[in-house]
Amino acid sequence: MAIIEVKNLVKKYKISEKENGILGYIKHLFHPKYKEQIAVNNISFNIEKGELVGYIGENGAGKSTTIKMLTGLLTPTSGQVVVNGIVPNEKRILNNKQIGAVFGQKTQLWWDLPVIESFKLIKKMYEIPDEDYKNNLKKFTKILDLKDLLDKQVKNLSLGQKMRCEIAATFLHNPKVVYLDEPTIGLDILVKENIRKFIKDINKEQHTTVILTTHDLKDIEEVCDRIILIDKGTIIYDGEKEVFKNKYGKHIIAEFIIQNKNSNITVETIEEEFEIIEENETSIKIKFNHERLTIIDIVKSISKYCEILDMHIQEEGLEEILKEIYRGELIND
Amino acid sequence: MINKILAIAKQNAKEGLYYRFDLLLYIFNFIIEITVYVFIWLAIYNKGNQILGMTFEQVTTYYILVVSLNPIISWGINETMGNAIREGEILRELLNPISYFNYYFGIRIGELIESIIVGIITFIICALLFGVLLPSSLLNFIFFIIVISLSVVVVYFFELIIGTSAFYTNSIWGVEVFKRAILSIFSGMIAPISLFPEFLQKIANTLPFKDCIYTPISIYFGELNNIEIIQVILKQFIWILILYIIAKILFNKAVKSVTVNGG
Ligand SMILES: Nc1ncnc2c1ncn2[C@@H]1O[C@H](COP(=O)(O)OP(=O)(O)OP(=O)(O)O)[C@@H](O)[C@H]1O
Ligand SMILES: [Mg+2]
């Protein structure tokens, strides 16, 4: 049985439409007018225990709204959420005991106290057995490099240090499911890598189910096996990450180092079936569909205009694919 | 559950005691306040007289007790709760593995620990400076403690009701002032309730706030007999129940509006 079951989930926000001025305010008091906004529009999916799911989509696509419904913080307008046999917004406390959640910059750490004090309180609140607490603390301290942070006051930590502690706090009670809503926002590359490794390690050991939203697709590339892509409240892709890349990543990006250019290639090749992303005197970057053209074709066309010294070939990453999807270029079926 | 509440209390008290200097300032303030009262009454009494059946020592003791009990009763969770609601921390708090009421009760007890420390230090210093009357008997002193403890529970639910208003107004400053006004008038903080006009006395007798300051002090002085004291305690339990129910209904309604509207 799936650990998370979501069925025909809908969330409509009511937005009050107030007219300007005091008169409008009074009018609203007696005849409140509401506009409805559909944030999540009839989505369904199942997530199995131990899955690492990347929940992605543009700003305002409905990711946070979905996560809030999964955690029970938001009541669905219609549809069903069941997490490990519990309906979260009906049995919130029971559900809270089995989950962990990170919401962007909101913290569960005590601002004025050393980090370790917050951990101790979490131990008491979640009734974490001594043994588990000790083990986890040791393990987390090692992976997230918390040794020098535990005795510092939370308010004196940097953003990245705080987030590492926050992540540790979230996993301390061995939650069955963890929701991470933009946990890497604003962090530097090393901290991001640190956190990614942590999520992967814990998942491997504890089979923790993790749902992760992020705008940094490196997070997804490195952590997640499965992608759920939501667009304007509707799921437009749900499946394995690799399948997703194969299905939509039909492009290859080739970068050539060149010399002795005899004309502006961009203008000359306007008819061709490839797209020039960047061009200058010493290099040129080309994107092409590998089902239609081969790299040999490209080399042939380019060499008419210049001398090729070197080249790199790169498959299209998630980021490029998503850019195309967001622009409406890829998914029409 | 008690364990968890105490753990939260300890945590909150630790955080509060981190601002030890603030607490010192409070104590200093309270001592000044008492000194002013004492000198005003000293002028009024002009030595030896009795006013409204109270001796100068009684009045002094009354004010020292009032000021020392004040933080215990009136330092509440309103500010913490209001800020948390305004800044959206409420979502975080609703994710705790214990109920909101229990969580905040822990916070309240934490405040209580701080205020007891402040109260006791203030009391001792002022007792040494101005002299106080001791409790009329050990039993009365125990009742004094019991009634105050129950009052903390009463005001806790009152604070929850006030704090819930932060869901609807952007600032809880107005309701906070309202709360303080109600508390200080009807608890006997401003003046002994026996000095009130009759209709105000009636209101004060019905509301539970009198039992926060005025009644325990009367018990301290031995002015209530055991039956009267038991009646007070019963009244407190009834008020706890009433305020709990009101707080629960209002809070659930507010949380529902958050979880429907998305904060
Ligand atoms: N409390 C609210 N009241 C009204 N509308 C809301 C509320 N919260 C979100 N919305 C709207 O619902 C839609 C989905 O918002 P949501 O926060 O779920 O997006 P998101 O995918 O998390 O975006 P982002 O990547 O920017 O975090 C948006 O159009 C947003 O404006
Ligand atoms: Mg979001």
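Preceding this section is the structure that the text describes.
Residues numbered from 1 in each chain as written. Chains lettered and ligands numbered in written order. Predicted model: local features only at pLDDT ≥ 70, side-chain atom pairs only at ≥ 80, totals over all residues. Heavy atoms only, no water.

Student: Mind laying out the overall build of chain A, listing which residues take part and the relevant values?
Tutor: For chain A, the count of helices and strands is twelve helices and 13 strands. Taking the principal axes of the C-alpha coordinates as reference, chain A spans close to 70 × 60 × 45 Å. Burial statistics for chain A: of 333 residues in total, 51% are counted as buried. Partitioning the contacts of chain A with sequence separation of at least 6, the portion at a separation of at least 24 is 71%. Carbon and sulfur atoms make up 48% of the accessible area of chain A, which totals about 16900 Å². Of the charged side chains in chain A, 48 are positive and 53 negative, and the gap between their average positions amounts to 9 Å. (Helix = DSSP H or I, 4+ residues; strand = E, 2+ residues; numbered from the N terminus. Buried < 20%, exposed > 50% of the residue type's maximum accessible area, 1.4 Å probe, protein only. Contact = heavy atoms within 4.5 Å. Areas by Shrake-Rupley, 256 points an atom, 1.4 Å probe, with all protein chains shown as cover. Lys, Arg positive; Asp, Glu negative; His and termini not counted. Charge placed at Lys NZ, Arg CZ, Asp CG, Glu CD.)

Student: Tell me what's going on with the packing of helix H4 (residues 115–125) of chain A against helix H5 (residues 130–144) of chain A, and back it up with residues and numbers.
Tutor: Residues and elements named next belong to chain A. Look at H4 against H5: their axes get within 11 Å of each other, and the N-to-C directions meet at 150°. Helix-helix and strand crossings are classified by hand; for H4 and H5 the assignment is right-handed. Contact residues: Ile116, Phe119, Lys120 and Lys123 in H4; Asp130, Tyr133 and Leu137 in H5. Considering only residue class, the contact of H4 with H5 consists of four nonpolar, no polar and three charged. (Axes fitted to C-alpha atoms, helices over the stretch in contact; angles between N-to-C directions. Left-handed = near helix turned anticlockwise from the far one by under 90°. Nonpolar A, V, L, I, M, F, W, Y, C, P; charged D, E, K, R; others polar.)

Student: Tell me about the sheet that holds strand E8 (residues 226–231) of chain A, residues and numbers included.
Tutor: Residue and element names in this part refer to chain A. An order of E5-E6-E7-E3-E8-E9 is seen for the six strands of this open sheet, with the pairing classed as mixed. Only two strands of the sheet have a single partner each, and these edge strands are strand E5 (99–103) and strand E9 (234–240). When the angles between neighbouring strand axes are averaged without regard to direction, this sheet yields 15°. The pairing of strand E3 (residues 52–56) with E8 spans four bridges and is classified as parallel. Looking at the pairing, Gly54 lines up with Ile227 of E8. Here helix H9 (residues 241–248) sits on the sheet in contact with E8 and E9, set at roughly 110° to E9. (Pairing = 2+ DSSP bridges.)

Student: Break down the layout of surface pockets for me, citing the residues and quoting the values.
Tutor: Estimated volume of the largest pocket: approximately 1400 Å³. Considering the residues around the largest pocket, the lining is formed by 39 residues, among which Asp112(A), Asn12(B), Glu15(B), Thr80(B) and Glu111(B) are closest to the centre. Secondary structure elements with two or more residues in the lining of the largest pocket: H4 of chain A together with helix H1 (2–17), helix H2 (20–45), helix H4 (78–86), helix H5 (89–94), helix H6 (100–130) and helix H8 (173–186) of chain B. Residue composition of the lining of the largest pocket, by class: 15 nonpolar, eleven polar and 13 charged. (1 Å grid on protein atoms, 1.4 Å probe; cavity = no way out; pocket = protein on both sides within 12 Å on 5 of 7 lines; lining within 4 Å. Points joined across faces, edges and corners; volume = space filled by probe spheres on them.)

Student: Explain unusual backbone geometry to me, and be specific about the residues and the numbers.
Tutor: All names here are of chain A. The phi dihedral of Asn8 is positive, around 45°, even though this residue is not glycine. Here Asn8 lies in strand E1 (residues 4–16). Overall, the relative accessible area of 39% leaves Asn8 in the partly exposed class. Positive phi outside glycine occurs at Asp145, with the angle close to 60°. Among the structural elements, Asp145 can be located in the loop between H5 and helix H6 (159–171).

Student: How would you summarise the sheet that holds strand E2 (residues 34–47) of chain A if you had to cite specific residues and measurements?
Tutor: Residues and elements named next belong to chain A. Spatially, E2-E1-E4 is the arrangement adopted by the three strands of the open sheet, whose pairing is antiparallel. A strand with exactly one partner marks an edge of an open sheet, and here the two such strands are E2 and strand E4 (78–83). Across the sheet, the mean angle from the axis of one strand to that of its neighbour is 30°, orientation sign disregarded. Note: E1 against E4, five bridges, orientation antiparallel.

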